[in-house]
Each structure stands twice: as C-alpha cells, then as structure tokens.
Amino acid sequence: HSAAYPAFRGAIADFLHNPFLHRESESVRYFPDGLLILENGQIKAIGDYQTLHTQYPHLDITDYSGKLILPGFIDLHIHYPQTETIASYGEQLLEWLEKYVFPVEKKFQDPDYAQTIADFFLDELLRNGTTTAVVLTTIFPQSVDVLFTAAQERQMRMIAGQMLMNRNAPDFLLNTPQSAYEQTQNLIQKWHRQDRLLYAVTPRFAPTSTPEDLEIAGYLLRQYSDLYLHTHLSENTQEIAWIKQLFPKASDYLNVYEQFGLVTERSIFAHGIHLSDSERQRLSQSQSAIAFCPTSNLFLGSGLFNLQATQTPSPAIPVGLATDVGAGTSFSLFKTMGDGYKVLQLQGQALSPFQGFYLSTLGAAQALHLEAKIGNFEPGKEADFIIINPASTPLMKLRNQNQMPPETLSELADQLFTLMILGDDRNIEATYILGNLWKDNEQLTMNN
Ligand code: GUN
Ligand code: ZN
C-alpha cells in the first residue's frame, strides 16, 4: 500500500505555446474541472478530473472547485532593498535614485536590517502569487547572503546577485572592481545552483560602472556556466544622454554592454524603452531578455515600452513582465499586466489576457531558460502554483458571477482579463512552493 499522491481539483489553466506566435486557442490549456497530481514536489499528471481521478486510486485531493489554479508568477526584475521606498513622491529616474534609493540601500550594510527586509520581501512576493523573481540587491555581500538564505528557507527558485557600482553614486555605495570581483566570486561559489538558487552578475547600469568594472562583470560571466547578467537598459532619455558622455566610443547604449561581452542569451535587461531598430535587431540576435516594467515606467514617467517592436524581429526578443518595485508601484503581477495593457493601449497596441498571463508564467520561464523546470504544469516540472479566487471583492464577485468556473476559453479569457484590470493580492487565496502550502508568518502572528 503506497502513500497517496497529493492532488488539487479546480479550474486549471497553463500555457503550452507562445500566444504571440501561435493561435491563442492552441497556446492555452484549460480544464474547467481539472486535477493536478503531484509526486515529490513535482507535477506527476494533469487532466480532466473525471477521467484522471479514476486512474489513481490513492489520491489525497484538496478541493479548490470554483477557483483557478495557475502556475506561480515569475517577476523578471525587482529590487528587494526598495521594498520600503515604494511610493516615494516625485522626480524622474536619476533624481529619484539620488533622493530615495541610494539612502535606503546604505541601510543594507546591516545584516539584521537586511534580513528583516528580505523576509518581508519574499513573503510579499508569495502573498502576491509570485514564486520566482530576478532580484537586485545592494553592493553589500551580506545583503545577498540574507536574501538567498531566506529564499532557501522557503524553497523558492530565485535569481539574484551582488550589485556592482564603482562611480557616480555616494561613496558609501561604491565597491571597487577588485573587491567586487572577490566578493562576487565568493557569492557565486556559495549560492549558484544551490537548491533552486541561481546567480546573476549585476552591474546596476552602465553609468555607475567604469569600463574596468564592466570588464570584471564580463570576466566573471565567462568563468562559470549558467550565470545570468542582469542590469538596466535604455529606461530614461536623460540616462541615455549621459551614456553618450560617459562612453563616447560606444555607438549606442546596448553597445556599451556589448563591448564587455555582457549581451548574451542569459542577459536580462530591464526596460528597453528607447531602443533603436538596430538595438532591437541585436537583442533578437543575442536572444537577451527584456523585462517590461509598466507600473515603474508610468510612475517615473520613463516612457511607453513598444512591445510590438520587440516581437517583429525574427526571432522575437524574449520578454517577460516585471514589477521593478520600488519604482514599480505594486508587487502584484495582476496590476503589472493591467498597466501593461494600458501602456500598449496608448500606442494602438494591445495585451490580450492570454498574452499577459503567458508573459508572467511560461514566457518569463523561457526568457530565463528555465522552461524545463517552471512556467507550466508539464509532468516533471517543479510544482509552484497559485490558487486564484476570482471573486475576492464584491465588485469582482458581481463581474464574474456567471462564470464560476469559466466553461469555455472565451469565458476564461474574460475572467483572466478581470483579474488583469481589477485584481491584486486579495485574489491570491494560496501559494504552493514545490507542492507545499506557504504560510505567511507575519499574518499568523498578526491574527493571534
Ligand atoms: N536604473 C539604475 N538603477 C535603477 C533603479 O534602482 N531603478 C530603476 N527603475 N532604474 C534604475
Ligand atoms: Zn530596476
């Protein structure tokens, strides 16, 4: 007599293909009354409840009928030290960094403080249904240690790395190429590929690194396999003008990173708002990923990301959605999709609900080359998933009353769209990591 498999019943949806390239109806997979069966924290089977449950006599079924079951969200770019500076008034990028961001990052020298914020940050991600994120830290190696430790405790798949900065910021936030090299190398050896953790070499952005610093970043990337390169690119017009002064020999912003070997298929560039056609062509060639951060781009007045122009080159540039907290104004990928929709509306484009949810799940996993492990419910993948209550407020209950659960794909699209436009953390009823229900300690103590 073997132990029962954990199983989850509900309206189950995920993506098998890219809806920007395939018909939407062929990209999405949907079981209105579905069953997800797990074994050892991985997906064992997915299918229609009626057909599947008879094939497995020993199931321990948790019933989420009336709720949606989706893969956990992936946030392609977020700053954990900026958790407490979210919603700081005024200014565009460069002034905003000086006024709010640099002072708060200094506090992460203190490992106790950094740990408090790291724990809060990861719980806030999970409360919002985000199970994997690509995270920026500070120059202080202890700020990286505490984040990876906290992610490891929660068994989360997480990508992060120490920030490299050696000019154009207050002295207290500068490391040297030599110290950054030694510290980063130690951190890579300590954390890269430990459990579900992966390391990203993270120069903040070209203006805060000298050529020598970017050289070190390229050297580190070539020393280890599977490292990511994570930075910012072409977010703000003043930033771009500054790049021309700082790197007069570079033909454009992307070329600065190219000169140091930082533009690869494992590079993640946040923003990419003011790119030229030539830069987009080269990103298509390199298959680097762009993190589309609509709430941040609107908040800082940075500009409107041209999604269509990233999808027309062949092959298309990999894109994922990202919050970019604390310039971003929400931890919620629902809200991020909603602002993405509006950013595209202003340009005569659109973001369909299936495209929005794809960019927050499988699309982001593909951009990270992690699609063999996360992003959808194919058997063998890691069981990170979320339970969504589409009627968490009176208004959402009214709006979705006739489709609990949605029966057809068009009803599903409609319900997902209400989540994009109206949804937030209140719609996330539960978050599972490797098949285990995550419990918010903060909430537990507050309720007691
Ligand atoms: N560019 C360089 N640093 C930052 C940052 O912290 N936030 C944003 N939005 N852009 C940046
Ligand atoms: Zn950012």
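Since the model is a prediction, treat every value here as computed from it, not as a measurement.

**Some remarks on the overall build of the chain**
At step 1: Along the backbone of the chain there are 18 helices and 16 strands.
At step 2: The C-alpha radius of gyration computed for the chain amounts to 21 Å, which stays within 12% of the reference 22 Å derived for 448 residues, consistent with globular compactness.
At step 3: Going through the 448 residues of the chain one by one, you find that 52% of them count as buried.

**Describing the domain arrangement of the chain**
At step 1: We note that the domain assignment places domain 1 (5-71 + 378-447) and domain 2 (73-331) within the chain.
At step 2: Each of domain 1 and domain 2 has a C-alpha centre, and the two are 30 Å apart.
At step 3: Facing the 12 residues of domain 1 at the interface are 12 residues of domain 2.
At step 4: Broken down by element, the residue count for the side of domain 1 that touches domain 2 peaks at 3 residues, all from strand E15 (residues 428-433).

**Remarks on the nonpolar core**
At step 1: With 128 residues, the main nonpolar core has Leu36, Ile69, Leu76, Val135, Leu147, Ala217 and Ala291 as its most contacted residues.
At step 2: In terms of residue count, helix H4 (residues 111-127) provides more of this core than any other element does, 7 residues in total.
At step 3: Here this core gathers at least three residues from each of two domains, domain 1 (5-71 + 378-447) and domain 2 (73-331).
At step 4: Of all hydrophobic cores here, the second largest spans 8 residues; its members include Leu93, Leu97, Tyr100 and Phe299.

**Here's the deal with the site of ligand 1**
At step 1: Neighbouring ligand 1 are His79, Leu93, Leu97, Val101, Arg204, Phe205, His232, Glu235, Ser296, Asp324 and Ala327.
At step 2: Examining the composition of the shell around ligand 1, we find that 3 residues originate from one element, helix H3 (residues 93-106), more than from any other.
At step 3: Taken together, the residues of the shell around ligand 1 sort by class into 5 nonpolar, 3 polar and 3 charged.

**Remarks on the UniProt feature "domain: Amidohydrolase-related" (unreviewed entry) in the chain**
At step 1: Look at the UniProt record and you will see "domain: Amidohydrolase-related" (unreviewed entry) annotated at residues 69-436.
At step 2: Between the first and last C-alpha atoms of residues 69-436 the distance is 14 Å; the span itself is 42% helix and 16% strand.

**Observations regarding the sheet that holds strand E14 (residues 385-388)**
At step 1: Spatially, E3-E2-E1-E4-E14-E15-E16 is the arrangement adopted by the 7 strands of the open sheet, whose pairing is mixed. Edge strands, defined here as strands with exactly one partner in the open sheet, are strand E3 (42-48) and strand E16 (436-437).
At step 2: Relative to E14, strand E4 (residues 59-71) runs antiparallel, the two sharing 4 bridges. Note that in E14 the partner of isoleucine 69 across the bridge is isoleucine 387.

**What about H3?**
At step 1: Given a rise of 1.5 Å per residue, 14 residues ought to cover 20 Å, and the 18 Å separating the end C-alpha atoms of H3 matches this to within 8%.
At step 2: In the structure, H3 departs most strongly from a straight axis at tyrosine 100, where the bend amounts to approximately 35° and where the proline proline 103 lies between one and four residues downstream.
At step 3: Listed in full, the buried residues belonging to H3 are Leu93, Trp96, Leu97, Tyr100, Val101 and Glu105.
At step 4: Looking at the packing, one finds that the buried side of H3 touches helix H8 (237-246).

**A word on the environment of proline 406**
At step 1: Within the element layout of this structure, proline 406 appears in the loop between helix H16 (394-399) and helix H17 (409-422).
At step 2: It is 27 Å that separates the C-alpha atoms of proline 406 and tyrosine 5, two residues lying 401 residues apart in sequence.

**Looking at the confidence of the model for the chain**
At step 1: Across the chain, pLDDT averages 97, with 98% of residues at or above 70.
At step 2: Interface confidence in the predicted complex, given as ipTM, is 0.99; pTM for the same model is 0.97.

**Description of the pairing of strand E10 (residues 228-233)**
At step 1: Across the 6 residues of E10, 6 count as buried, placing the element largely inside the fold.
At step 2: The two faces of E10 match: Tyr228, His230 and His232 on one face and Leu229, Thr231 and Leu233 on the other face are all buried.
At step 3: Taken together, the 2 bridges between strand E9 (residues 197-203) and E10 define a ladder with parallel strand orientation. Looking at E10, one finds that valine 201 is bridged to leucine 229.
At step 4: The pairing of E10 with strand E11 (residues 267-271) spans 5 bridges and is parallel. Its bridge partner being in E11, leucine 233 is matched across the sheet by histidine 271.

**Structural notes on unusual backbone geometry**
At step 1: Between serine 314 and the following residue, proline 315, the backbone shows a cis peptide bond with an omega angle of -5°.
At step 2: Within the secondary structure, proline 315 sits in the loop between helix H12 (307-311) and strand E13 (319-321).
At step 3: Even without glycine at this site, alanine 87 takes up a positive phi of about 65°.
At step 4: Within the fold, alanine 87 resides in the loop between strand E5 (73-79) and H3.
At step 5: For alanine 87, a count of 10 C-beta atoms within 10 Å corresponds to the exposed category.
At step 6: Positive phi is not limited to glycine here, since aspartate 226 has a value of about 70°.
At step 7: Looking at the secondary structure, you find aspartate 226 in the loop between helix H7 (211-223) and E10.

Quick notes on the rules
Residues numbered from 1 in each chain as written. Chains lettered and ligands numbered in written order. Predicted model: local features only at pLDDT ≥ 70, side-chain atom pairs only at ≥ 80, totals over all residues. Helix = DSSP H or I, 4+ residues; strand = E, 2+ residues; numbered from the N terminus. Rg over C-alpha atoms; globule rule 2.2 N^0.38 Å. Buried ≥ 20, exposed ≤ 12 C-beta atoms within 10 Å, placed from the backbone. Domains from an automatic or database assignment. Contact = placed C-beta atoms within 7 Å. Core = buried A, V, L, I, M, F, W, Y, C linked by C-beta atoms within 7 Å. Near = placed C-beta within 6 Å. Nonpolar A, V, L, I, M, F, W, Y, C, P; charged D, E, K, R; others polar. UniProt positions renumbered as here; feature names shortened; annotations may be inferred. Pairing = 2+ DSSP bridges. Expected span 1.5 Å × (residues − 1). Bend = angle between axes of the 7 residues up to and from the residue. pLDDT = per-residue confidence, 0-100.

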